[in-house]
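These are the residues of each chain, in order.
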Amino acid sequence: QVQLVESGGGLVQAVGSLRLSCAASGRTFSRNAMGWFRQAPGKEREFVAAIGWSDSTNYADSVKGRFTISRDNAKNTVYLQMNSLKPEDTAVYYCAADARPWGSASYSRGNYDYWGQGTQVTVSS
């Protein structure tokens, strides 16, 4: 059974930093695209960042230059380093994984087959 477990969320002041982790189990995702999405109250889930099988990356315009996605294949884990946080970054952050190998860093929710339960990030002003 595949599981994605996010951690690292919490409450932080504006301009602060957090690092989210997503640990996968049940299968390896070293050759798969993985992504981060977020959902704020009353809003749809939106793309944040993705990393492809070749470590290419893709970011939403709203986080470019502030967030960095990376992976550690030995740990089957993907990370999201979030710097210069803003109150509008407040949301539940979800990790996602593409079941198919050799995928690119897609921004489309439909490209991802596995999802974590989410971790809350709250940025105070």
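What counts, and where the lines are drawn
Residues numbered from 1 in each chain as written. Predicted model: local features only at pLDDT ≥ 70, side-chain atom pairs only at ≥ 80, totals over all residues. Heavy atoms only, no water. Buried < 20%, exposed > 50% of the residue type's maximum accessible area, 1.4 Å probe, protein only. Helix = DSSP H or I, 4+ residues; strand = E, 2+ residues; numbered from the N terminus. Pairing = 2+ DSSP bridges. Core = buried A, V, L, I, M, F, W, Y, C linked by side-chain atoms within 4.5 Å. Contact = heavy atoms within 4.5 Å. Salt bridge = Lys/Arg side-chain N within 4 Å of Asp/Glu carboxyl O. Axes fitted to C-alpha atoms, helices over the stretch in contact; angles between N-to-C directions. Disulfide = S-S within 2.5 Å.

(A) Structural context of the pairing of strand β7 (residues 67-72). Of the two faces of β7, the one holding F67, I69 and R71 is buried and the one holding T68, S70 and D72 is not buried anywhere. Here six bridges tie β7 to strand β8 (residues 77-82), and the two strands are oriented antiparallel to one another. Bridged to D72 within β8 is T77.

(B) Focus on the nonpolar core. Judged by nonpolar contacts, the single largest core of 33 residues is most densely connected at M34, W36, L80, M82 and Y93. Beyond its immediate chain neighbours, meaning those up to four positions away, Y93 contacts E6, L20, W36, F37, R38, V48, F67, L80, M82, G118, T119 and V121.

(C) Representation of the pattern of salt bridges within the structure. Tallied over the full model, the rule gives five salt bridges. Ionic pairing is found between K64 and D61, a salt bridge with its closest N-O pair at 3.2 Å. In this structure, K64 and D61 share a single accessibility class: exposed. Between D89 and R66 there is a salt bridge whose closest N-O contact spans 2.8 Å. One end of the pair, D89, is in the loop between β8 and β9 (91-101); the other, R66, is in the loop between β6 (57-59) and β7, with 23 residues separating them in the sequence. When its relative accessible area of 11% is taken as the criterion, R66 is described as buried. Among the charged side chains, a salt-bridge network with shared partners connects R38, E46, R66 and D89.

(D) View of the sheet that holds β7. Taken in spatial order, the four strands of this open sheet run β1-β3-β8-β7, and their pairing is antiparallel. Bordering the open sheet on either side are β1 (3-7) and β7, each of which pairs with just one other strand. If you compare each strand with its neighbour and ignore which way they point, the axes differ by 15 degrees on average.

(E) Representation of the state of the cysteines in the model. Counted according to the given criterion, the structure contains one disulfide. One disulfide bridge connects C22 with C95, the sulfur atoms lying 2.0 Å from each other. An S-S torsion of about -75 degrees defines the bridge between C22 and C95 as left-handed. Here C95 lies in strand β9 and C22 lies in strand β3 (residues 18-25), a separation of 73 residues in the sequence. Classification of C22 as buried rests on a relative accessible area of 0%. A residue is classified by how much of its surface remains accessible, and C95, at 0% relative accessible area, is buried.

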